[in-house]
Amino acid sequence: MNNGSAVDAVVDGCSQCEAQECRGTVGANGSPDEDGETTLDAMIMDGYTMDVGAVGCLRRVKTAIAVARAVMDYTSHTLLVGDLATKFALENGFTETNLTGDRSINIWKDWQSNNCQPNFRENVTPDPKHNCGPYQPKSNLMEYSEEQPNTRSDASSGYDVDNHDTIGMIAIDLSGNVSAGTSTNGLNHKVPGRVGDSPIMGAGSYAMNGAGGAAATGNGDIMMRFLPAYNAVMQMQAGMDPMTALQRSMAPVIKFYPSFRGAMIAVNMEGKYGAVCYGYTNWTFCVADDTTPVVKLNYINCTESMTIVTNSANFDIIPIEIALIVTFTGRLIF
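This write-up is about the structure you can find in this document. Because the structure is predicted, anything quoted here is derived from the model rather than measured.

### Digging into the packing of helix H7 (residues 228-237) against helix H8 (residues 242-256)
Line of reasoning, step 1. Running from N to C, H7 and H8 cross one another at 140°; their axes reach a closest spacing of 8 Å. In terms of orientation, H7 and H8 fall into the oblique class. In the crossing of H7 with H8, the sense of the turn from one axis to the other is right-handed. For the pair formed by H7 and H8, the contact residues are Pro 228, Asn 231, Ala 232, Gln 235 and Met 236 on the first element and Pro 242, Ala 245, Leu 246, Arg 248 and Ser 249 on the second.

Written as structure tokens, this is what we have:
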């Protein structure tokens, strides 16, 4: 990364994925909400200063991770959202543009023709499992809850590998500083205004010098309730290896939401790394350092990763100029 900082590396890497519109789940032209609009979530965290910048439901600005960095660099705030995040971006020289494209429009039209399925509304009328809106709250919520007591526990409903994803990155620079960040256009067909876990520090990603960094992808509405990235970093700070830290951080999510789907990566300050996934068949992540110009693509079996320690236990400790870990399902983006 030309001797740049860890923060520079994460912002540049996520920005590249935004520009490429990776899998249609990062950047513009993907994951339309119920109204057909694409909005963006992103965050960047500096493990040296513990500063964070984040944007949620960012409208009409393509470069979400760069706007998140501007929040970190030019304000004392942590998170800006919606139209006022867009206003901030424009005040800081970013360009306003339409995030909708042919791909996202076609996804939205197909969703409408399929009776607006999948659908993330609950306890409303008409029945969101079979009908498009507009919706109104059920008049007798208690009666409805008794009829369908487990609707909120179905963490996999509407989620699959192609309708949501996140680019998550962790970097350690020559000075031993760690940074982590994420960028995504969120969940296909989400309720307008929804913000997922990606811009929530400790949920989407987390970094702390002396401990390491972690990043997550998956069902963000569930994952943000457990702050798994924060949990993993705190366990590494206490001396736990990255793989075990990830397994223990993911375990409470699975306990309460066994149909949940998600994945995590982590790296400690020695360059040891780990990855876990759950609810998918397999999953991929990438590692790069100064020992080779080739980015290493790693595959993990999701039925085994929560019980078998791999990678971390066998990874040699080496002097690193930049250790870059990328979480991205199914495609190498370098």
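### Quick word on H8
Line of reasoning, step 1. Taking 1.5 Å as the rise per residue, H8 with 15 residues should run 21 Å; its terminal C-alpha atoms sit 23 Å apart, in good agreement.
Line of reasoning, step 2. Its axis deflected by about 25° at Met 250, H8 carries its strongest bend there, up to four residues before the proline Pro 252.
Line of reasoning, step 3. Residues of H8 that are buried: Pro 242, Met 243, Thr 244, Ala 245, Leu 246, Gln 247, Ser 249, Met 250, Val 253 and Ile 254.
Line of reasoning, step 4. In this fold, the buried residues of H8 make contact with helix H6 (220-223), H7, strand E10 (262-268) and strand E11 (273-278).

### Topic: the sheet that holds E10
Line of reasoning, step 1. The strand order across the open sheet built from four strands is E8-E9-E10-E11, with neighbouring strands paired in antiparallel fashion. Lying at the two open borders of the sheet, with one neighbouring strand each, are strand E8 (205-208) and E11. Here the strands of the sheet are splayed against their neighbours by 5° on average, with no regard to which way each runs.
Line of reasoning, step 2. On top of the sheet, H7 reaches E8, strand E9 (212-218) and E10; it is set at about 25° to E8, its chief contact.
Line of reasoning, step 3. Along the sheet, H8 makes contact with E10 and E11, crossing E11 at roughly 25°.

### What about the packing of helix H1 (residues 6-20) against helix H2 (residues 64-74)?
When two helices pack together, their arrangement is captured by the angle between the axes and the distance separating the axes.
Line of reasoning, step 1. Contact pair H1 / H2: the axes reach a minimum separation of 8 Å and the direction vectors enclose 150°. Considered as vectors, H1 and H2 are oriented roughly antiparallel to each other. Note on element contacts: H2 touches H1 through Ala 64, Ile 65, Arg 69 and Met 72, opposite Val 7, Asp 8, Val 11, Cys 14, Ser 15 and Glu 18.
Line of reasoning, step 2. Here the contact of H1 with H2 is built from residues that sort into six nonpolar, one polar and three charged.

### A word on the state of the cysteines
Line of reasoning, step 1. For the structure shown, the criterion picks out three disulfides.
Line of reasoning, step 2. Across a sulfur-sulfur distance of 2.3 Å, Cys 17 and Cys 22 are joined as a disulfide pair.
Line of reasoning, step 3. Overall, the relative accessible area of 0% leaves Cys 17 in the buried class.
Line of reasoning, step 4. With a sulfur-sulfur separation of 2.0 Å, Cys 277 is cross-linked through a disulfide to Cys 302. Between Cys 277 and Cys 302 the sulfur-sulfur dihedral comes to about -110°; the bridge is accordingly left-handed. In this pair, Cys 277 sits in strand E11 while Cys 302 sits in the loop between strand E13 (296-301) and strand E14 (323-327), placing the two residues 25 residues apart along the sequence.
Line of reasoning, step 5. Here Cys 277 falls in the buried class, since its relative accessible area comes to 0%.
Line of reasoning, step 6. Free cysteine: Cys 14, not disulfide-bonded; nearest cysteine sulfur from Cys 17 at 7.3 Å.

### Here we look at the nonpolar core
Side chains of nonpolar character tend, in soluble globular proteins, to be buried together.
Line of reasoning, step 1. Ranked by internal contacts, the top residues of the largest apolar core, which has 31 residues, are Ile 44, Val 55, Leu 58 and Val 67.
Line of reasoning, step 2. Breaking this core down by element, the ones donating at least two residues are H1, strand E1 (40-46), strand E2 (52-58), H2, helix H3 (82-91) and strand E6 (167-172).
Line of reasoning, step 3. What Val 55 contacts, discounting residues up to four positions off in sequence, is Leu 40, Asp 41, Ala 42, Ala 64, Val 67, Ala 68, Val 71, Leu 79, Leu 80, Ala 85 and Pro 199.
Line of reasoning, step 4. Within the second largest apolar cluster, 28 residues are counted, among which are Ile 222, Val 253, Phe 260 and Met 264.

### A closer look at the packing of aromatic side chains
Line of reasoning, step 1. All chains considered together, the criterion is met by six aromatic pairs.
Line of reasoning, step 2. When the centroid spacing of 5.1 Å and the interplanar angle of 85° are considered together, the rings of Tyr 206 and Tyr 230 count as edge-to-face. Of the two residues, Tyr 206 is situated in strand E8 and Tyr 230 in helix H7; the sequence distance between them amounts to 24 residues.
Line of reasoning, step 3. Owing to a relative accessible area of 11%, Tyr 206 belongs among the buried residues under this scheme.
Line of reasoning, step 4. With a centroid separation of 6.2 Å and 85° between ring planes, the pair formed by Phe 226 and Tyr 257 is classed as edge-to-face. In this pair, Phe 226 sits in the loop between H6 and H7 while Tyr 257 sits in the loop between H8 and E10, placing the two residues 31 residues apart along the sequence.
Line of reasoning, step 5. For Tyr 257, a relative accessible area of 14% gives the class buried.
Line of reasoning, step 6. Within the aromatic cluster, the residues linked to one another by ring pairs are Phe 226, Phe 256 and Tyr 257.

The rules behind each value
Residues numbered from 1 in each chain as written. Predicted model: local features only at pLDDT ≥ 70, side-chain atom pairs only at ≥ 80, totals over all residues. Heavy atoms only, no water. Axes fitted to C-alpha atoms, helices over the stretch in contact; angles between N-to-C directions. Helix = DSSP H or I, 4+ residues; strand = E, 2+ residues; numbered from the N terminus. Parallel < 35°, antiparallel > 145°, perpendicular 65-115°, else oblique. Left-handed = near helix turned anticlockwise from the far one by under 90°. Contact = heavy atoms within 4.5 Å. Expected span 1.5 Å × (residues − 1). Bend = angle between axes of the 7 residues up to and from the residue. Buried < 20%, exposed > 50% of the residue type's maximum accessible area, 1.4 Å probe, protein only. Pairing = 2+ DSSP bridges. Nonpolar A, V, L, I, M, F, W, Y, C, P; charged D, E, K, R; others polar. Disulfide = S-S within 2.5 Å. Core = buried A, V, L, I, M, F, W, Y, C linked by side-chain atoms within 4.5 Å. Phe/Tyr/Trp six-rings, centres within 6.5 Å; stacked < 30°, edge-to-face > 60°.

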